[in-house]
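Chains, contacts and geometry: an overview
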Amino acid sequence: MSHNLSIAAKIPVTEAEGPGKRFAVWVQGCPFRCPGCCNPQYLDFTGGTSNISPAQLAGEIVEYQNEIEGVTFIGGEPFSKAAALGEVAGLIREKGLSVMVFTGYTLGELSDSADPAYPARSALLSNTDLLVDGRYQRENHITNRRWIGSSNQEVHFLTDRYIDLKDQWPAEANTIEIRYKDGQLTINGFPDPDITKKSLKLLKK
Ligand code: SF4
């Protein structure tokens, strides 16, 4: 299997995909098909910009190291490319940057050492500070816990890096960012396709 990555989208500096200012990377491809997924265009494994090496992506992120405090991997499913992203995460953590990952797997699934995918998964997991886990459940959609799309999902503080946020994060509501550049509108940070449609209607008025 190729160790290179297919990337669906990147935002070099965002404040809507985790604590502080972060470089966000949307990985192309997800094995799950959650009804109501907010990024259906990122589910096919064949799309995106392909053949990006871990060193190439890490180098691009490090160029922004003075503007950001970390990177967020989101998708798609980051753990479908866990070995490559584990390498990226290791390289950028050496520069003092933090790593946050949004995954459809549960932490329990990722921690199953009997699964053949475990060595690759642990390469990424061991370089992750914050993990938001679990498939999106449309019937359990919530908006009042920052970075969380449905009530089954959890934020796991896997290192002490963000331990000071542990008590305050559930009380904060989700946020969105809207960008208009080169004739293209992009919205990120709020995992709710209905809200996205409402925002677009407002902007058309
Ligand atoms: S795990 Fe995430 S990206 Fe994958 S289908 Fe579910 S909501 Fe979409």
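Residues numbered from 1 in each chain as written. Predicted model: local features only at pLDDT ≥ 70, side-chain atom pairs only at ≥ 80, totals over all residues. Heavy atoms only, no water.

**Some words on the packing of helix H1 (residues 54-62) against helix H2 (residues 82-93)**
In plain terms, the rule: What counts as an axis is a line fitted to C-alpha atoms, over the stretch in contact for a helix, and the angles between N-to-C directions run from 0 to 180 degrees. Secondary structure elements follow DSSP: runs of H or I no shorter than four residues count as helices, runs of E no shorter than two count as strands, and numbering proceeds from the N terminus. Take the far helix as your reference; a near helix turned counterclockwise from it by less than a right angle gives a left-handed crossing, and one turned clockwise gives a right-handed crossing. The contact definition used throughout considers only heavy atoms, calling two residues in contact when any of these lie within 4.5 Å. Classification used: nonpolar for Ala, Val, Leu, Ile, Met, Phe, Trp, Tyr, Cys and Pro, charged for Asp, Glu, Lys and Arg, polar for all others including Gly.
Orientation of H1 relative to H2, taken along the N-to-C sense of each, is 35°, at an axis distance of 9 Å. In the crossing of H1 with H2, the sense of the turn from one axis to the other is right-handed. Contact residues: Pro 54, Ala 55, Leu 57, Ala 58, Ile 61 and Val 62 in H1; Ala 84, Leu 85, Glu 87, Val 88, Leu 91 and Ile 92 in H2. Among the residues making up the contact of H1 with H2, the classes are represented as 11 nonpolar, no polar and 1 charged.

**What to know about the confidence of the model for the protein**
The following threshold applies: The predictor rates its confidence in each residue with pLDDT, a number between 0 and 100.
For the protein, per-residue confidence averages 89 on the pLDDT scale, and residues scoring 70 or more make up 88% of the total. Every residue in residues 195-200 is under pLDDT 50, and counting partners more than four places away or in other chains gives 7 contacts.

**Digging into the pattern of salt bridges**
Pairing between side chains becomes possible if they bear opposite charge and their charged atoms approach one another. Note the threshold: Salt bridge, as applied in this entry: a Lys or Arg side-chain nitrogen positioned within 4 Å of an Asp or Glu carboxyl oxygen. Each residue gets one of three labels from its accessible area relative to the maximum for its type: buried under 20%, exposed over 50%, partly exposed in between, using a 1.4 Å probe on protein chains only.
Under the defined criterion, the tally for this structure stands at 6 salt bridges. With a shortest N-O distance of 2.8 Å, Lys 10 and Glu 60 are connected by a salt bridge. Residue Lys 10 is found in strand S1 (residues 5-14), and its partner Glu 60 is found in helix H1; the two are separated by 50 residues along the sequence. With relative accessibility at 38%, the residue Lys 10 sits in the partly exposed group. Judged by its relative accessible area of 26%, Glu 60 falls in the partly exposed class. With a shortest N-O distance of 3.3 Å, Arg 121 and Asp 115 are connected by a salt bridge. Residue Asp 115 is classed as partly exposed on the basis of its relative accessible area, which comes to 25%.

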